[in-house]
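Listed here are the chains, written in short residue letters.
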Amino acid sequence: MNRMKVALAALLLFAAGHASAETPVTAKLADVKLPRYEQVRLPNGLTLLLMERHDVPLIAFHGRLRGGALADPQGKEGVGAIAAELIQKGSGKRNAQQFAEAVDSVGGQLSVSAGREATTISAEFMAKDRGLMLELLSDILRRPSLPKEEFEKVSQREIESIRAAKDGDPRNLVPRYFNAFLFASHPYGRAASESSLGTIAHEDVANYVRDQFGADRAIFAFVGAFDAKSFAAEVRKTFGDWKKASGALAAAGDTKPATGRRVLLVDKPDATQTYFSIGNVGMARTDSDRVLADVANIAFGGRFTSMLNTELRIKSGLSYGASSSLVRETKPGTVSINSYTKTETTGKALDLALEVLGRLRSDGLDATTLASVQRYAVGQFPPTLETGGQLAARLTELSFYGLDRSDVETYASKIQSAEREGVQRVINRLYPAEENLTFVLVGNAAEIREVAKKYGEVTEIKITDPRFAP
C-alpha cells in the first residue's frame, strides 16, 4: 500500500472509530469500494477471479472447493479434514519434506483446511515465484501422493487434539456439542469425533480426494502483482485440463429452529468451571437481513462493550468473557450466547445471560447504543479488506454464496442507515424466545445437575464418550 493509500485508510478509520457521540448518524462516510477484478469461467467449470494489485511484489491466493465436511461419509466424519492435511504431505514429485522445503525456500506460505461446506486453500508467494506457486497448487489438488505413513500420523494427531481439549480447556469443543445437539441428524450436526476418526482408513481419504476434488468445484482468486490477461493464460495452462469431480456434490437441506427447551449436560468431573452455549438456529449468509443482524449482534455480544460482556464480565464478574455469535452458511447456522463461569455460579451466569437476552428482545437498542454500534461497525470494516489475502478470501466468499460486489460496497451505507425499528424486527426474528432455547453445559455434572434441570429436559453424556452427539 503506498503512502497516499495508508493516509486515506488511517483517515477513514479515525473518522469512523473516533467520531463523538454527538456525530449525527446521517453524516455518511464513503463506502468501501472493491478494486476492479476479472472473472473467468474455464470450460471445465473452474471459476477464476483475478485482481491486479501492484503496490507490493506479492501474489495472494485463496481457493474454495465445494464439499468440505458435508462430503464426509456417514460415520466417518473427519475424512475431509484428514484429506486437507494429507495433501500437503507430499504431491507430484515431492515428498512431505521436499514439499515443505519448496514453500519455505522462497519464503512462501501455503495451507489447506476443511470447513463445513468447503475445503479452503490459502497461499502467498513473491510475484517472481508465481510459477512455483501454480505448480505446488496444482500438485496438491491434482497429484497428491497421500502417503500412508503420513496418514497414520495425521489421523492420530486429529484424535489426540480432541482428547487434549477434553482433558484440558474444552471451550473450543462446545460448538461441536452444540451443533450435534441442536441439528441432530442434519448434516450441520455432524462433526469429526474420536469415534468417527477411528473408523477412517487410508482408502476413505483417497476416495474422498478422487470424488470431491475437481475443477467444477473450484473457485480460485488471485490478488497481486500480475497482468490479469497473461496470468489467466498461465492458470489456464496449469488447470485447464483438470477434470471435473467424479462424485456427487454434497448439499445440506434446510435447517429449522428447534422448539421447546432442552439441555445437553456434558459431564467433566474435574472441571472447576462450566462452559456453556445457549441458542437456536439463526440465518443464512445470503439472508436479506444480514446487515441489520450484524448491528444487533455487535450490540448484544460482538464487542468488548456489548450487553452480554458488560453484564457477565464487567459488572458482575461472573465470567472472564461473554459473547454472541452468528454462524451463517448456505443454510441458517447457529445463533448463540457463549460464556463460562465458576461451577458454583453456573445458575447465576445462566440466569443473567437469559435476562440480557430478554432485555434485547423486549427493549432493543436505544439511540445511543445504535449510533455507537454504527460507528464501530463502519470503523472495523475497512481493515478486513486491507491485504491481498483478505481480498482474495472475500472474492471467493462472494462467488461461493452467489453474491456480488454490492455485498461489500453497500455495507457501510446499510449499517449507517439502520433504524431502530428495523433492527428490532430482526432481533425478534433472529434471537430465540425464552421458551425455545437449546442449552449445552460442559462441567462437573455432580455439582450442576440440579441447576441444569431448571432450564429444560436434560440429556447427559460424559466428556469421555467418543462422540459429540448423545
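The shown structure was predicted, so the numbers you read here are calculated from the model rather than taken from an experiment.

**Details of the sheet that holds strand β7 (residues 118–126)**
Then, number 1: The six strands lie next to each other as β1-β2-β8-β3-β7-β6, forming an open sheet whose pairing is mixed. A strand with exactly one partner marks an edge of an open sheet, and here the two such strands are β1 (38–41) and β6 (109–114). Going across the sheet, the axis of each strand differs from the next one's by a mean of 10°, ignoring polarity.
Then, number 2: In the sheet, β6 pairs with β7 via six bridges, with the strands oriented antiparallel. For S111, the partnering residue across the bridge sits in β7 and is S122.
Then, number 3: Here helix α4 (residues 130–142) sits on the sheet and contacts β3 (58–66), β6, β7 and β8 (218–224); the angle it forms with β7, its principal contact strand, is near 160°.
Then, number 4: Docked against the sheet, helix α14 (residues 388–400) engages β2 (47–52), β3, β7 and β8, running at close to 25° with respect to β3.

**Structural notes on the packing of helix α2 (residues 79–86) against helix α8 (residues 202–212)**
Then, number 1: At a minimum axis distance of 9 Å, the contact between α2 and α8 shows a crossing angle of 80°. As far as their axial angle goes, α8 and α2 are roughly perpendicular. Listed contacts from α8 to V79, G80, I82, A83 and L86 of α2 are D204, V205, Y208 and V209.

**A short note on the nonpolar core**
Then, number 1: Residues Y177, F220 and F222 are the most contacted members of the largest nonpolar core, which totals 78 residues.
Then, number 2: Ranked by size, the runner-up nonpolar core spans 68 residues in total, among them V291, A353, V426 and L430.

**Let's talk about the packing of aromatic side chains**
Each aromatic ring pair is characterised by the separation of its centres together with the angle its planes make.
Then, number 1: Within the structure shown, the criterion is met by 15 aromatic pairs.
Then, number 2: Ring plane angle 80° and centroid distance 5.1 Å describe the contact between F220 and F239, whose orientation is recorded as edge-to-face. One end of the pair, F220, is in strand β8; the other, F239, is in helix α9 (residues 228–239), and 19 residues separate them in sequence.
Then, number 3: A relative accessible area of 1% means that F220 is categorised as buried.
Then, number 4: By relative accessible area, F239 is classed as buried at 0%.
Then, number 5: For the ring pair F239 and W242, a centre distance of 5.7 Å and an interplane angle of 50° mean the geometry is tilted.
Then, number 6: Cluster of aromatic residues (ring-pair linked, three or more members): F61, F220, F222, F226, F231, F239 and W242.

**A short note on the pattern of salt bridges**
Then, number 1: Throughout the structure, instances matching the rule amount to 38 salt bridges.
Then, number 2: Two residues, D241 and R142, come together in a salt bridge whose shortest N-O distance is 3.0 Å. With a gap of 99 residues between them, D241 in the loop between α9 and β9 (262–267) and R142 in helix α4 connect regions that are remote in the sequence.
Then, number 3: A relative accessible area of 54% places D241 in the exposed class.
Then, number 4: R142 gets classed as partly exposed once you look at its relative accessible area, which sits at 24%.
Then, number 5: Note that E311 and K315 form a salt bridge whose closest N and O atoms lie 3.4 Å from each other. Of this pair, E311 and K315 both sit in helix α11 (residues 307–315), four residues apart, which is roughly one turn of the helix.

**Let's talk about the side chain of S138**
Then, number 1: On the secondary structure map, S138 appears in helix α4.
Then, number 2: For S138, the contacting residues outside a window of four places in its chain are R143, T238 and F239.

**Structural notes on helix α10 (residues 290–301)**
Then, number 1: In a regular helix each residue adds 1.5 Å, so 12 residues correspond to 16 Å; α10 covers 16 Å between its end C-alpha atoms and thus fits that length.
Then, number 2: The buried count for α10 comes to 12 of 12 residues, which makes it a mostly enclosed element.
Then, number 3: Taken together, the buried positions of α10 are occupied by R290, V291, L292, A293, D294, V295, A296, N297, I298, A299, F300 and G301.

**Examining the sheet that holds β9**
Then, number 1: Spatially, six strands are ordered β11-β12-β10-β13-β9-β14 in an open sheet, and the strand pairing comes out mixed. Unpaired on one side and paired on the other, β11 (322–328) and β14 (457–462) mark the two borders of the sheet. The sheet shows a mean angle of 20° between the axes of neighbouring strands, direction not considered.
Then, number 2: Taken together, the nine bridges between strand β10 (residues 273–281) and strand β12 (residues 332–342) define a ladder with antiparallel strand orientation. Paired with T274 across the two strands is T341, which belongs to β12.
Then, number 3: In the packing of helix α12 (residues 346–363) onto the sheet, contacts are made with β10, β12 and β13 (438–443), and the angle to β10 comes to roughly 30°.

Reading the values: rules and limits
Residues numbered from 1 in each chain as written. Predicted model: local features only at pLDDT ≥ 70, side-chain atom pairs only at ≥ 80, totals over all residues. Heavy atoms only, no water. Pairing = 2+ DSSP bridges. Helix = DSSP H or I, 4+ residues; strand = E, 2+ residues; numbered from the N terminus. Axes fitted to C-alpha atoms, helices over the stretch in contact; angles between N-to-C directions. Contact = heavy atoms within 4.5 Å. Parallel < 35°, antiparallel > 145°, perpendicular 65-115°, else oblique. Core = buried A, V, L, I, M, F, W, Y, C linked by side-chain atoms within 4.5 Å. Buried < 20%, exposed > 50% of the residue type's maximum accessible area, 1.4 Å probe, protein only. Phe/Tyr/Trp six-rings, centres within 6.5 Å; stacked < 30°, edge-to-face > 60°. Salt bridge = Lys/Arg side-chain N within 4 Å of Asp/Glu carboxyl O. Expected span 1.5 Å × (residues − 1).

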